[in-house]
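Read off the chains here:
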Amino acid sequence: MENGGESNGVTLFTEEELREISGVKREDDYVEVMCGCTSHRYGDAVARLRVFSSGELAISCECTPGCQEDKLTPAAFEKHSGRETARKWKNNIWIILNGEKVPVVKTPLLKYYNKSSKHANGSHRSQNGKAHRDEFLRCTECKKERRFRLRSKEECRIYHDALANVHWKCSDIPYDKVSCDDEEERASRRVYRGCSRSPSCKGCTSCVCFGCQVCRFSDCSCQTCSDFTSNAKA
């Protein structure tokens with residue numbers, strides 16, 4: 001097990017918590033461990049999981065020598081690995097613990113993620129008191145709009161990455177089996193986007209968040225996240 005120094009005196013996990021976990025690497029602001037996901041068709045997809053104190057989880061895939069998938073959410077990595085029973089990444093993504101594959105949910109590695117998710121759930125409000133309402137994105141192939149629910153940090157990251165993908169299509173949604181053949185939501189249904197003030201709100205100060213630690217990501221290099229991270233540190 002590879003261990004570096006502590007993060008400016010702050011330890012994300014104790015030695016006891018990480019002692020039996022394979023491939024541990026400590027960096028300044030995160031802990032990285034070996035992880036993987038198994039598909040009955042394709043076998044094991046091995047990767048590196050980074051755990052941040054903010055609750056963020058980022059996975060760099062190493063399923064093949066030339067794989068370029070980096071900074072994946074757990075749900076996106078689960079889909080990328082070809083796992084047949086997706087949407088259960090906490091049980092499907094495994095860590096090598098004491099020489100055996102153990103679901104990540106049974107390790108201490110999710111303690112920061114669980115805290116951030118608990119904070120973000122409920123009324124799906126951000127840390128500045130504003131809610132994250134549902135958003136829509138149009139498929140580049142079928143031109144239909146698909147709903148993204150922003151109830152947790154993970155869901156916010158999925159929408160954030162999808163918005164940045166200029167070739168985004170229906171089948172890229174990691175948590176729903178949606179194809180271009182599926183019907184688009186009726187216009188009357190799309191009006192309702194989860195605003196706490198009014199279900200049919202078109203956007204107000206109560207339901208629109210312009211940036212918080214739930215919907216902005218320190219490991220993302222886009223201008224929006226970079227500006228938020230810089231301002232947060234100032």
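Residues numbered from 1 in each chain as written. Predicted model: local features only at pLDDT ≥ 70, side-chain atom pairs only at ≥ 80, totals over all residues. Heavy atoms only, no water.

### Considering the overall build of the protein
The helix and strand inventory of the protein stands at seven helices and eight strands. The burial tally for the protein puts 42% of its 234 residues in the buried class. Within the protein, residue pairs in contact and separated by at least 24 positions form 49% of the contacts whose partners lie at least 6 positions apart. A total accessible area of about 12,900 Å² is found for the protein, and carbon and sulfur atoms account for 47% of it. (Helix = DSSP H or I, 4+ residues; strand = E, 2+ residues; numbered from the N terminus. Buried < 20%, exposed > 50% of the residue type's maximum accessible area, 1.4 Å probe, protein only. Contact = heavy atoms within 4.5 Å. Areas by Shrake-Rupley, 256 points an atom, 1.4 Å probe, with all protein chains shown as cover.)

### Things to note about the packing of aromatic side chains
Scanning the model with the defined rule gives five aromatic pairs in all. Arranged with centres 5.5 Å apart and planes meeting at 55 degrees, the rings of F148 and W168 form a pair that is tilted. Of this pair, F148 sits in strand β8 (residues 145-148) while W168 sits in the loop between α5 (153-164) and α6 (187-190), placing them 20 residues apart in sequence. Each member of the pair, F148 as well as W168, is classed as buried. Ring pairs connect the aromatic residues F148, Y159 and W168, which therefore count as one cluster. One Lys or Arg, R157, reaches over the ring of F217 and ends 4.7 Å from the middle of that ring. (Phe/Tyr/Trp six-rings, centres within 6.5 Å; stacked < 30°, edge-to-face > 60°. Lys NZ or Arg CZ within 6 Å of the ring centre and 35° of its normal.)

### Examining α5
End to end, α5 covers 17 Å across 12 residues, agreeing with the expected 16 Å (1.5 Å per residue, within 8%). Regarding α5, the residues found buried are K153, E154, C156, R157, I158, Y159, H160 and A162. (Expected span 1.5 Å × (residues − 1).)

### Comments concerning the side chain of S39
For S39, the location among the structural elements is in strand β2 (residues 30-39). In this structure the side chain of S39 is engaged in a polar contact, spanning 3.1 Å, whose partner is the backbone nitrogen of R41. Those residues in contact with S39 that sit more than four places away from it in its chain are S81, G82, R83 and E84. (Polar contact = N/O pair within 3.5 Å; in protein donor to acceptor, adjacent residues only side chain to side chain.)

Remember that the coordinates give geometry; whether it matters functionally is a separate question.
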